[in-house]
Each structure stands twice: as C-alpha cells, then as structure tokens.
Amino acid sequence: MQQEWFVGVDIGTTSTKAVVYDALGEVLGLHNVEYPLHTPEVSAAVQDPEEIFQAVLMSIRTAIEKSEVDGKKMGFISFSSAMHSLIAVDHEGSPLTQCITWADTRSSKWAEKLKASPIGHEIYRRTGTPIHPMSPLVKLMWLKEEYPQLFQCTAKFISIKEYVFNKLFDLFIVDHSIASATGLFNLEKMIWDAEALKVAGITADQLSELVPTTKSIVGLDEKFAEVLGIDQSTPFVIGASDGVLSNLGVNAIEPGAVAVTIGTSGAIRTAANKPVTDPKGRTFCYALTEDLWIIGGPVNNGGMTFRWLKDEICGAEIESAKRLGIDPYEVLTGIAANVKPGADGLLFHPYLSGERAPLWNADARGSFFGLALHHGKQHLIRAVLEGIVFNLHSVMLALKELIGMPNRIQATGGFARSPLWRQMLADIFDQEVFVPESHESSCLGAVILGMYAQGKIETLDHVKTMVGSVHQHTPDPTHAEIYNELMPIFIRVSRKLTDEYEAIAAFQNNHVKPE
C-alpha cells in the first residue's frame, strides 16, 4: 500500500497549528504561528483576518517542511477552527470589519434583550447556541443597531474559516459544524433558521452555502499551491469546529465519554446521536456530522487566565525562567505544586473576560475570595489554576443533569502537558482522568474526519487505533475531600455576586479606557 500523509490545521484564537500525520496517526511535523488578540476597548476582542490567513499558510508550509515529506504527495488538508467569529465582507470577500471573536462582548445588551424576549429561548432550543454575546446572531443584532451603514454595505457575514476558504478557492461555503455555532442554524432541519435570520436582520443570501463537514474541495489557486509547496489538486476538507473535533481527536464520541479541554478557553463536551438542548439553556449542541452531535458547555477563561497571571503578576518568575532557560509556565506550576490543595482557603473565580457556561453572564468578573495575611504569591498561583478547574467542574455538574454520570473523562488542550494540572482535574472532579499523548486533538480530529470524508476509513471509530497510549490520573481521596468542601463555596459566591458583577462591569464600561 502506498504511504500517505495528511495535514490537520486548527485555526485557533491565539494561534494556528498545522500537524502532518501519517496514516497511523504519528506526528511527522508540527508548526504553530501565534497572533495577537486586540482589545481596543474593555469589551472588544478582535483580530486581523489577513494576519490569521497568513498564519494558516505559514503553519501548513512549515509543518510540511519540518515533516521532510514531499508536499506534492499530501493526501489532503483538513480544517478545524474556533467557533463564533464574525467578519463582514464585501462582494469581493474583502473584510469591512476585523474578525470579531467569541470573546468580544460588545453585544451584551442585545444578548440580554433577546434572552428576555419570548422568542430567545425558542431560538436557542432550535439552534443549540446559547443566547450570549459570543453568538454571531447576537453580534449581528448589535452591528445592525450600532453600525447601520456598515451593516447595509455588507455582502456576506462569515467566520474566519470561511474567510480562509474564500481566499483559497473564491467560494463562500460554511460547514454544518461552524454553522451550528452561529445561532442561525436549525439543528433539526439542517438549514438556516428563518426566525433567527429575521431577528438578525439578514437573509440567507448574506450567509455562505451550507455544506457537510466532509465536503472536499480541489482546484487550489496556483499561487497558494506554490506558497504551500503542495499540488494544486490536493483535496481540502472543510472539516468542523475545534470543539467537536477535539472530542473526536481524544476518542470521546461514545455515550458516557466526556472530553475536558483547556486551551485559551475551555469546555466540557460529550456526544449524542441526535441534537440535544437544555431546557434551562446552559449547554450548547453543535454538529460533528449529520448523525453525530456534541453537547456541552464552554468557558471563556482557560489558558488565557493563566497567561494573564504570568504576564501581569509573575514578572520575577518570568525572569527566573529566562535565566534557567525553561518555560515560565513550568516555573509557575512548580511553585503551585508546593502549595496544599485548596490553597489554604483561597478561591479564585476566573471570570476575566465574562463567562459563558454555566453562568452565561458577560458581566461576570474575576476575584480572589478568602484572601488573608497567611497567603502569599504562591497561593495566588495555586488558586488561579484551581479556579479554572473549579469552574469547569461547575459546568460538569450542569451537564450531568442531561447525560448522567460520565464513565470516562478524556482531557486535552495545552494544560494536559502539566502533570500538576492533570492531577488537579482528577482530584476536583473526583474521577479518573485519561490523557491521550497527542495534545493536538483538534488537528488529529480534523485528519480523522478527512480520512472518513475521503473514504480511507469506514467509520470515525477508527480513532481508537490512532489515539495511542494515555496518561492516567486517579483522584487522591484526601485532596478530593478538600475540593468537595470548597466547591459549594465557589459556586455560591459566584451566584451571590450577580448584581455586583453587573455594577462593576457598568463602571468599567463607563470609566476604563484602553491604554
């Protein structure tokens, strides 16, 4: 059998990764290109779409070069992408706005208005996307009211993956998975939802053509084929969103298997063979294929919170890391490891960019609770790491109402590289945690979906042969007992601060100006 190689690409919030795999799932080459998230005002979170497109090209080309495989012999390139982005473009596909990311909360007022209306919950139940500023539906409502002239001049409203594919192939297409995260897509009928379009103030013609996640496209623009070092006839599989592909990439597509991810943001997700939405509106439901759906809850504040801690509070530790020639995050987790579980009674609510599940409150803000004279910087570091996992566990408690007790937790994302964080997850969740050795789960998921799309495998269950061995962490009963005592306090504090979150967010919006 002829040897084949495949590229999985993940267009993320802070970087684009490309990974070259062989047919067994072995990584042959990997490259990551970072880019900034701009916050010109308190509630804004935008990016330059052209900068991201160039990162896509650079990551693919460099990953292929690092793999030392002939780019002309690539079997296909398959894509994963962050959800909820929105770009207004003209008829030529040129951007009229920056890429408005999921973390942008300028549409909060319109989210609250829609959530309070009789049709808000009905739209959520049909589309599976919670009513929240992350949702492109709500972003469209905001643009229509705040920027009417721009809104009227826009030919298409697209996501970052659609922007990339339009640049490469001069087509406006969107996969069912990215579409199912817009708040505009009817899950049962697999079409754009008429009432949601009406609320957004747009027509279906202003959105891309809907295609399955297995859709393959050939005929790459010659200049881009040359840049990437691949053949023009190389198939590009449109793929799906990063969350659902992460589930696939860690083999969490069977009932009872739960994937926990902490990257820039975080999420807990499980699979179902039909769309499932929550009567209380706490969870999402997004498509992987026409007969496989991923339900769960996303959190805004994952790795970005840890990065904030590093950049804003731990300058001395960064300098120490530089002198020692090691990763500063390793220094910080090493410091945290020397603090007892529970950080001697210090809790951190990690809502630095509002919060999605389970609060769905864009006004939520971060706080340390329980701070006393016996606490030092090391306690703050430990509390931040624990707070991120406490928050994820609060989502799991909501998800249990829909799916029951999980039978297996598969952990992935950048945090999975840290033994401390993995053990912390097992202790706080009080369950065994398994961690696949491949940390780039969305890229692997994209490749497995691509293999399925190209008829190279018969079912997605083939992932079992490619995930490889795992790290396994068993909860420490003593640690779990401490966390079980603290968890209710963590939840009660966040619920009691709802009015205060609204008040401090209003103050910040009125008085805090970007530097």
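Q: Can you walk me through the overall build of the protein chain in this structure?
A: The number of helices and strands found in the protein chain is 18 helices and 23 strands. Counting only C-alpha atoms, the protein chain reaches 65 × 55 × 45 Å along its principal axes. Within the protein chain, contacts between residues at least 6 apart in sequence are counted, and of these 72% link residues at least 24 apart. Accessible surface, the protein chain: about 20,300 Å² in total, of which carbon and sulfur atoms supply 52%.

Q: In this structure, what is going on with the sheet that holds strand β18 (residues 292-299)? I would like to understand it.
A: Through backbone hydrogen bonds, the strands of a sheet pair up, either in parallel or in antiparallel fashion. Read from one edge of the open sheet, seven strands run β17-β18-β16-β15-β21-β22-β23, paired in mixed fashion. Edge positions in the sheet fall to β17 (284-289) and β23 (470-473), since each has one partner strand and no second. Averaged over all pairs of adjacent strands, the angle between strand axes in this sheet comes to 30°, irrespective of strand direction. One ladder, built from two bridges, connects strand β21 (residues 408-412) with strand β22 (residues 433-436); its direction is parallel. Bridge assignment links Q410 to a residue of β22, and that residue is F434.

Q: Looking at this model, I keep getting lost on the sheet that holds strand β2 (residues 15-22). Mind explaining?
A: In spatial order, the strands read β3-β2-β1-β5-β14-β13; together these six strands make up an open sheet with mixed pairing. The sheet is open, and its two edges are formed by β3 (27-34) and β13 (216-217), each paired on a single side. Alignment of strand β1 (residues 5-11) against strand β5 (residues 74-81), held across seven bridges, turns out to be parallel. Its bridge partner being in β5, G8 is matched across the sheet by S78.

Q: How should the packing of helix α15 (residues 419-429) against helix α17 (residues 477-496) be read in this particular structure?
A: Angle between the axes and distance between the axes: these two values describe a pair of packed helices. Between α15 and α17, the least distance of the axes is 7 Å, while the angle of their chain directions is 65°. Considering how the two elements wind past one another, α15 and α17 form a crossing that is right-handed. Along the contact surface, α15 presents M424, D427 and I428, while α17 presents H479, A480 and Y483.

Q: Before we go on, may I ask you to explain the packing of aromatic side chains in this structure?
A: To describe a pair of aromatic rings, one takes the distance between the centres and the angle between the planes. Within this structure, the stated rule accounts for 17 aromatic pairs. With centroids separated by 4.4 Å and ring planes inclined at 10°, the aromatic side chains of F284 and Y286 adopt a geometry described as stacked. By the burial criterion, F284 is buried, and Y286 matches it. Among the aromatic residues, those joined into a ring-pair cluster are F79, F165, F169 and F236.

Q: Would you take a moment to explain the nonpolar core for this structure?
A: If you look at soluble globular proteins, the nonpolar side chains tend to sit buried side by side. By size, the foremost hydrophobic cluster in this structure holds 120 residues, and its most contacted members are F157, L184, L248, I268, L288, W421 and F429. Considering every element that reaches this core, the biggest residue donor is helix α14 (residues 377-403), with twelve residues. Sequence-distant contacts of L288, defined by excluding residues within four places in its chain, comprise T213, A240, V244, L245, L248, I253, W293, I294 and L460.

Q: It is not clear to me how helix α3 (residues 118-127) should be interpreted in this structure. Could you clarify?
A: Along α3, the residues classified as buried are G120, I123, Y124 and T127. Along α3, the residues classed as buried sweep out an arc of 100° about the axis, all on the same side. Remark: G128 follows α3 within two positions and exhibits a positive phi of approximately 80°.

Q: Explanation requested: the pattern of salt bridges in the structure shown.
A: Between side chains of opposite charge, a pair can form as their charged atoms come close. Tallying each qualifying case throughout the model produces 19 salt bridges. Close ionic contact of D193 with R126 constitutes a salt bridge, the shortest N to O distance being 2.8 Å. Taken together, the residues D193 in the loop between β11 (191-192) and α8 (194-200) and R126 in helix α3 connect sequence positions 67 residues apart. For R126, a relative accessible area of 26% translates into the label partly exposed. Here E386 ties to R382 by a salt bridge, and the two come within 2.9 Å at their closest N and O atoms. Taken together, the positions of E386 and R382, both in helix α14 and four residues apart, correspond to about one turn of that helix. When its relative accessible area of 1% is taken as the criterion, E386 is described as buried. Classification of R382 by relative accessible area gives buried; the value is 5%. Overlapping salt bridges bring together D278, K280, R282 and E401 as one network.

Q: Looking at this structure, I do not really get the pairing of strand β16 (residues 266-272). What am I missing?
A: For a regular strand, the rule is simple: side chains alternate between the two faces of the sheet. Across the seven residues of β16, seven count as buried, placing the element largely inside the fold. Covered by surrounding structure in β16 are G266, I268, T270 and A272 together with A267, R269 and A271, the residues of both alternating faces. Note that strand β15 (residues 257-262) and β16 share five bridges and pair antiparallel. In the sheet register, I262 faces β16, and the bridge partner there is G266.

Q: Before we go on, may I ask you to explain the packing of α17 against helix α18 (residues 498-511) in this structure?
A: Interhelical geometry of α17 versus α18 gives an angle of 55° and a closest axis separation of 4 Å. Relative to α18, the element α17 is oriented oblique. Together, S494, R495 and K496 of α17 and T498, E500 and Y501 of α18 make up the contact between the two elements. Class assignment for the residues of the contact of α17 with α18 results in one nonpolar, two polar and three charged.

What counts as what
Residues numbered from 1 in each chain as written. Predicted model: local features only at pLDDT ≥ 70, side-chain atom pairs only at ≥ 80, totals over all residues. Heavy atoms only, no water. Helix = DSSP H or I, 4+ residues; strand = E, 2+ residues; numbered from the N terminus. Contact = heavy atoms within 4.5 Å. Areas by Shrake-Rupley, 256 points an atom, 1.4 Å probe, with all protein chains shown as cover. Pairing = 2+ DSSP bridges. Axes fitted to C-alpha atoms, helices over the stretch in contact; angles between N-to-C directions. Left-handed = near helix turned anticlockwise from the far one by under 90°. Phe/Tyr/Trp six-rings, centres within 6.5 Å; stacked < 30°, edge-to-face > 60°. Buried < 20%, exposed > 50% of the residue type's maximum accessible area, 1.4 Å probe, protein only. Core = buried A, V, L, I, M, F, W, Y, C linked by side-chain atoms within 4.5 Å. Arc of directions from axis to C-beta. Salt bridge = Lys/Arg side-chain N within 4 Å of Asp/Glu carboxyl O. Parallel < 35°, antiparallel > 145°, perpendicular 65-115°, else oblique. Nonpolar A, V, L, I, M, F, W, Y, C, P; charged D, E, K, R; others polar.

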